[in-house]
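Here's the letter readout for the chains.
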Amino acid sequence: MPISHQTTITLNGVPQYVSIRAERDHLPLLLYLHGGPGDAALPLVLKYNSELEKHFTVVVWEQRGAGKSYYDFGDSTVTIATFLEDLHALVTLLTERYRQEKLYLVGHSWGSVLGLTYTEKHPEKVRAYVGCGQVVNMKKASRTGYEFAAAHAGKKALARLKKADCTYTGKNWLDDLLFVTKQVVKHGGSLYGRTNYNPLVTPFLFSRYYSIPDLIRRQKGSLQAIKRLWPELMEVNFEGRTEYGAPVIFVEGRHDVHVSSVLAKEYYDTIQTEKQFHWFEHSCHFPQWSEHEKFHSLMVDLLH
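Source: prediction; values computed, not measured.

Asker: I'm lost on the overall build of the protein chain in this one. Help?
Answerer: Along the protein chain, the regular secondary structure elements total 11 helices and 8 strands. The globule rule puts the C-alpha radius of gyration for 304 residues at 19 Å, and the 18 Å found for the protein chain is close to it. Dimensions of the protein chain, computed from C-alpha atoms along their principal axes, come out at roughly 60 × 45 × 35 Å. Across the 304 residues that make up the protein chain, the buried fraction comes to 55%. Considering only contacts in the protein chain between residues 6 or more positions apart, those separated by 24 or more positions represent 73%. Here the protein chain displays about 13,500 Å² of accessible surface, and carbon together with sulfur accounts for 51% of that area. Of the side-chain charges in the protein chain, 35 are positive and 32 negative, and the distance between the mean point of each set is 7 Å.

Asker: Quick question: what am I supposed to make of helix α4 (residues 138–152) here?
Answerer: Side chains three or four residues apart in an α-helix point the same way, a direct result of the helix having 3.6 residues per turn. Under the 1.5 Å per step criterion, the end-to-end length of α4 is 21 Å for 15 residues, consistent within 8% with the ideal 21 Å. Looking at the buried side of α4, the elements it contacts are α5 (155–162), α6 (173–186), α8 (212–233) and α9 (261–268). By the N-cap criterion, in which a side-chain oxygen at the helix start approaches the backbone nitrogen of a residue two or three places on, α4 is capped by Asn-137, the distance to Lys-139 being 3.1 Å.

Asker: Any chance you could explain the pattern of salt bridges here in plain terms?
Answerer: For side chains bearing opposite charge, pairing can occur when the charged atoms are close. According to the stated counting rule, one finds 12 salt bridges in the structure shown. Residue Asp-214 is joined to Arg-217 by a salt bridge in which the shortest nitrogen-to-oxygen separation is 2.7 Å. Residue Asp-214 and its partner Arg-217 are both found in helix α8; the two are separated by 3 residues, about one turn of the helix. Its relative accessible area of 7% is what places Asp-214 among the buried residues. By relative accessible area, which is 31% here, Arg-217 ends up partly exposed.

Analysis parameters
- As a convention, each chain's residues are numbered from 1 in the sequence order in which they are written.
- Owing to the predicted nature of the model, reporting of local features is limited to residues with pLDDT of at least 70; listing and counting of side-chain atom pairs is limited to 80 or more, with chain, interface and lining totals taken over all residues.
- Heavy atoms throughout the structure, all of them, feed into the side-chain values; hydrogens and water do not.
- Here a helix means four or more residues in a row that DSSP labels H or I, a strand means two or more in a row labelled E, and each is numbered from the N terminus.
- All radius of gyration figures rest on C-alpha atoms, and the globule criterion is 2.2 Å times the number of residues raised to 0.38.
- Burial classification: accessible surface area is computed with a 1.4 Å probe over protein chains only, and a residue below 20% of its type maximum counts as buried, one above 50% as exposed, and the rest as partly exposed.
- By definition in these notes, contact holds between two residues if any of their heavy atoms fall within 4.5 Å.
- Per-residue and other accessible areas follow the Shrake-Rupley method at a 1.4 Å probe size, with only the shown protein chains counted as cover for residues.
- We score Asp and Glu as negative and Lys and Arg as positive, and we do not count His or the chain ends.
- A charged residue contributes its charge at one atom only: NZ of Lys, CZ of Arg, CG of Asp or CD of Glu.
- Here the expected length of a helix is defined as 1.5 Å per residue gap, with one fewer gap than residues.
- We define a polar contact as two N or O atoms separated by no more than 3.5 Å, with the added condition that, inside protein, one atom must be a possible hydrogen donor and the other a possible acceptor, whereas residues neighbouring each other in sequence contribute only through side-chain atom pairs.
- Salt bridges, as used here, are contacts in which a Lys or Arg side-chain nitrogen is within 4 Å of a carboxyl oxygen on Asp or Glu.

Written out as structure tokens, the structure reads:
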């Protein structure tokens, strides 16, 4: 019997939106952790990854403050640890409800910070972790992105870049971050074959699950999360952490400079426990959508 639940559940006292879909009962759980921070992805997963519903019970979580889970953080404390607590609460709820000991975890970009950290802390809950656009060392990745932007910039943009601080710790760090990111996208280092994010925006505009107010909340939630979490995110560094109690799979776009895939491969080579690495040759930062059929095949192979 097909499963299709679009619902709001409370995690650690905060209502959060979750989509749960499968073509039949009793399929293994797969939880998708979106990027950002604050960049909800439900319409994109439904558009590009719906094939997974034939093989998994696919759970897409719109994290606190993101998309349909938007609320004003106000003066509340919101840190990476907060999201990890939410994630653990959700994993516990899902595995109990569907009577499964473990689940598959897919983390993209910011979601890969949560996913890899969670896998290290709770391997007993993870069948396998799949990182797309895996974050390894944010300071190094930011420098790589900045250097790419500078190498491709025109005269006017280069003048602006020379004033930017790619450690994103200065007074104008948010403006610097947004400008550098815009340049990386413009010169094809983020979405393969594109100089803008239009293909990633359109599915939201036509999604049956997203109203106009939801679209506005998504924008507010993304900016709010970046402002609140980016300083802490810049300190993230997995280097030196080489053992995981569950299989670790990296799915990397060959041309990703948004979050350097070269750094991901260098780190992968140091991991001492069960692992796989897959290059996606026609992808940058979004291999799960740019080459969704290949991604689907890889995920199904994990079941065998």
